[in-house]
Amino acid sequence: MKNRTLIYYVVLLLGISLFSCKEKDGYHSISDKIEGESRPYHGNLSSEDLLMDTELIQITEGEFTFLIPERKGQIKSFACIECHSKPVSQMKGTTAQKAHWDITLNHANSDAMDCATCHNGEDMNSLNTLTGKNIDFNLSYKLCAQCHSSQFEDWKGGAHGKKVAGWAPPRASNTCVNCHNPHSPSFETRWPVQYNTQKGIERKEGLDH
Amino acid sequence: MSENKKWYSLDLGLNKTKKSSGTCGCGNAEGSCSSTPKKEEELSPDEFYEAAINASIGEERHKDGFDQVFDVKMDRRSAFRKLTASLLIGAGAVSTSCSVTTGDKSKEKAQIDWEEQFKGNYKLMTDEEKQGTIERLMRSYELRTDKNISMTAENAAEDVLFGYAFNISKCQGYMNCVSACVEENNQDRNSEMQYIRIHEMKDGEGFKFDKADDNYYHEVPAEGHFYMGTQCFHCDNPPCVEVCPVQATWKEEDGLVVIDYDWCVGCRYCMAACPYDGRRFNWSKPEVPENEVNKNQHYLGNRMRKKGVMEKCTFCVQRTRKGKNPACVEACPTGARIFGNLLDPKSTIRWVLENKKVFRLKEDLGTEPKFWYFMD
Ligand code: SF4
Ligand code: SF4
């Protein structure tokens, strides 16, 4: 008799344990799954082919190492010293050809920023930090990061800024100036690229929901 | 093609090596396999194949999903006709196998149609069978349009689980993603089907989908509004998959929720079960101008659909299983869309999940979408 109840209990317990772990892959939530199966990716998929045609440089900022597009080759009038052979102060008012007429500074207000905030009149070939140190044009993000520190943190981690090519490693991210015009950094308003005429008709006819 | 297929195959003699002359495979002493017709109404072999196949699966060759399933006329006469036709095929295929001139296009088309008609569920196919079906589909497209497409059947890669994050502060409502998606995924141009919706919402009112506008046309971003996008969220616990009566939709190993368009019967249960408006139904035959067809296709992704079947965002399976980003991510000019491998601790999507304040829609339902929203 005792044996029977024991068996009965064992069966009951087994049954309960079978029913209580119903999750198919053994995880209760997606965060558990992510944590449980997390491992650095060493698979076959790679973005290398997609990145072949882009000139990139590798940077390391804190714990992050990734690629950003090379910049100097993209600036039409680089190197600057080809024209700026003398300090800016000496070129003013001379008969030299006027240049950069297409640039109007629309970045912060004029009390906070002017050309000299980023450019060094004495050495036009490099950028210039707030404390007067030289920064290579390829690393212009360092300049932006002086003020936009939270964006910089997000960019390093990957929450801000568009990726170049695919999701698979190696990681390549656009740098600030690939999306923002440094002289007028905010995005402009414009028209959406499409309008759904069918949806428009349906809505007019009251068919939409 | 594998020997132990899960469907019947019809042998039209296309794969036959030439038999020695004088013998027919028919095993019939009387009658002949010669080309001289005895009676006037006798069909030529080619006509015979075409007619026999048309008689048995003919309607399905011209109709698509919904019609196929719900519009089958089955009175006694047509049932009888079908029966005889199947018998004829059985007998005919054997009896004429010796006089076949191989490489005939209509015959090949018929053979493909037959194999496609009786193939199994993609989910249960072996890799070989998958390869078989995409090859048939590519060949069929070529036979019908004289154009080539490239279709793949890549399986989920190991150690990959796809996830998506959307930055609400960044989206400006330009809708570049919507257009890119339509072009990439060959969506029906007539009904202007779109997987992605961008909702324009009033600042300070939170997510009110009933008051939001997803078909605005004015300069954006509009004063006092913010924008957020929805599409299929590829739930880890997808209710749409649970309800499908024929298992035509399922979750793959890399987390993508996909549909076998050839297995879907068009009942739309999944559409009703999805709490996120993630699914789209083909009420009419989807059409894409030939020169706009994206020819890089995946069986589970952007290959051409038919009338009466369900479809939806697949996170661009044809791209992402090659390491690329989905078309929407690539098209977004603001970088509001982030895509990646949730299992890779070094991926940017993981950084977002761990360092930003993320949330998902209707989290209390337990659907576990793999699509997170966050703000700067
Ligand atoms: S969003 Fe809808 S269609 Fe997509 S997986 Fe979830 S329930 Fe299914
Ligand atoms: S409509 Fe949806 S539920 Fe119905 S068969 Fe197709 S995938 Fe399954």
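Residues numbered from 1 in each chain as written. Chains lettered and ligands numbered in written order. Predicted model: local features only at pLDDT ≥ 70, side-chain atom pairs only at ≥ 80, totals over all residues. Heavy atoms only, no water.

Side note on the sheet that holds strand 10 (residues 337-341) of chain B
The strands making up a sheet are joined through hydrogen bonds of the backbone, oriented either antiparallel or parallel. Residue and element names in this part refer to chain B. The strand order 10-2-11 describes an open sheet built from 3 strands, whose pairing is mixed. Of all strands in the sheet, those bounded by a partner on one side alone are strand 10 and strand 11 (371-374). Ignoring which end each strand starts from, the neighbouring axes of this sheet average 20° apart. By the bridge criterion, 4 bridges tie strand 2 (residues 162-167) to strand 11 in an arrangement that is parallel. Its bridge partner lying in strand 11, Ala 165 is registered against Trp 372. The strands that helix 11 (residues 348-355) touches are strand 2, strand 10 and strand 11; relative to strand 10, the one it contacts most, it runs at about 110°. (Pairing = 2+ DSSP bridges. Helix = DSSP H or I, 4+ residues; strand = E, 2+ residues; numbered from the N terminus. Axes fitted to C-alpha atoms, helices over the stretch in contact; angles between N-to-C directions. Contact = heavy atoms within 4.5 Å.)

A few points about the site of ligand 2
Around ligand 2 sit Cys 244, Pro 245, Val 246, Thr 249, Cys 264, Val 265, Gly 266, Cys 267, Arg 268, Tyr 269, Cys 270 and Met 310 of chain B, and that is every residue in its neighbourhood. Within the shell around ligand 2, the residues separate by chemical class into 9 nonpolar, 2 polar and 1 charged. (Near = heavy atom within 4 Å. Nonpolar A, V, L, I, M, F, W, Y, C, P; charged D, E, K, R; others polar.)

A short note on the interface of chain A and chain B
Counting residues at the interface gives 44 residues for chain A, matched by 65 residues for chain B. Summed over both sides, the interface of chain A with chain B buries roughly 4,600 Å², with 53% coming from carbon and sulfur. Summed over the three residues of chain A that lose the most area to chain B, namely Ile 30, Trp 167 and Arg 190 of chain A, the buried surface amounts to 16% of that side. Counting across the chain A and chain B interface gives 6 salt bridges. When the shortest N-O distance is used, the salt bridge between Asp 214 of chain B and Arg 203 of chain A registers 2.8 Å. In this assembly, chain A and chain B are joined by 30 residue pairs in polar contact (both at pLDDT 80 or more). Those elements that provide at least two residues to the side of chain A that touches chain B are helix 2 (30-37), helix 7 (149-157) and helix 9 (197-204) of chain A. (Buried area = accessible area lost by both parts, 1.4 Å probe. Salt bridge = Lys/Arg side-chain N within 4 Å of Asp/Glu carboxyl O. Polar contact = N/O pair within 3.5 Å; in protein donor to acceptor, adjacent residues only side chain to side chain.)

Comments concerning the pattern of salt bridges
All names here are of chain B. Applying the stated criterion to the full structure yields 35 salt bridges over all chains. As a salt-bridge pair, Lys 370 and Asp 236 come within 3.3 Å of each other at their nearest N and O atoms. Residue Lys 370 is located in the loop between helix 11 and strand 11, and its partner Asp 236 is located in the loop between strand 4 (225-230) and helix 7 (239-243); the two are separated by 134 residues in the primary sequence. A salt bridge links Asp 260 to Arg 303; the shortest N-O distance between them is 3.7 Å. Placement of Asp 260 in the loop between strand 6 (257-259) and helix 8 (269-273) and of Arg 303 in the loop between strand 8 (296-298) and strand 9 (310-312) is noted, with a sequence separation of 43 residues between them. Look at Asp 260 and you get buried, because its relative accessible area is 0%. Residue classification places Arg 303 among the buried residues on the basis of a relative accessible area of 3%. (Buried < 20%, exposed > 50% of the residue type's maximum accessible area, 1.4 Å probe, protein only.)

Don't take any of this as a statement about function, it's just geometry.
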